[in-house]
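Coordinate analysis (summary)
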Amino acid sequence: MRMEITIQAERPDSSDALALIGELEAELEPLYPPESQHGYSVEQLIAAGVAFFVVRVNGEAAGCGGIQFYPDYGELKRMYVRPAFRGMGLAGRLIDHLISFAAEHRCCLLRLETGILQDAAIRCYEKSGFYRIGPFGPYTDDPLSLFYERPIGAQA
């Protein structure tokens, strides 16, 4: 059976996006104390103007992620792939899409924060060329957080 994979811009408050973000929250909530959960709420995603995308497999919402632009970098936000769709390379495709989107918007550096227990995410980010850095922007040193960045475009 042929798989059709699409990645499209979507509002974070669409029904599919809400479901995906809710599942991400439910997955992270038991792993980290509130002070180590740095993900934006749907309202914060909208207020911050985060460009948000949903990846679908044969029309079914399988994952999501976004990018918030700052003057000097873009930050990946709310990256998630549903368990039933993991291992299919969707996270890598979504990261590639976000890298291209950032480059189109003249962004030369991507950064992200992730939790130390997100082994698959960490592997995916590192495979996509991200490397460890210290806290950036609004983040402070948190023993449960890892910080990454990756130059893109002419900077890469």
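See the structure printed just above.
Overview of the structure. (Residues numbered from 1 in each chain as written. Predicted model: local features only at pLDDT ≥ 70, side-chain atom pairs only at ≥ 80, totals over all residues. Heavy atoms only, no water.)

A closer look at helix 3 (residues 90-104)
At 3.6 residues per turn, the α-helix brings residues three or four places apart onto the same side. The end-to-end C-alpha separation of helix 3 is 21 Å, in line with the 21 Å expected for 15 residues at 1.5 Å each. Residue R106 follows helix 3 closely and has a positive phi angle near 60°. (Helix = DSSP H or I, 4+ residues; strand = E, 2+ residues; numbered from the N terminus. Expected span 1.5 Å × (residues − 1).)

Re the pattern of salt bridges
The tally for this structure, following the rule as stated, stands at eight salt bridges. Note that E25 is salt-bridged to R78, the shortest N-O span being 2.2 Å. Here E25 is found in helix 1 (residues 15-28), whereas its partner R78 is found in strand 4 (residues 74-81), with 53 residues between them in sequence. A residue is classified by how much of its surface remains accessible, and E25, at 29% relative accessible area, is partly exposed. For R78, a relative accessible area of 9% translates into the label buried. (Salt bridge = Lys/Arg side-chain N within 4 Å of Asp/Glu carboxyl O. Buried < 20%, exposed > 50% of the residue type's maximum accessible area, 1.4 Å probe, protein only.)

Observations regarding the side chain of S14
Structurally, S14 is set in the loop between strand 1 (5-9) and helix 1. Within the structure, S14 has its side chain in polar contact with the side chain of E10 (distance 2.5 Å). A polar contact is formed between the side chain of S14 and the backbone nitrogen of A17, at a distance of 3.2 Å. (Polar contact = N/O pair within 3.5 Å; in protein donor to acceptor, adjacent residues only side chain to side chain.)

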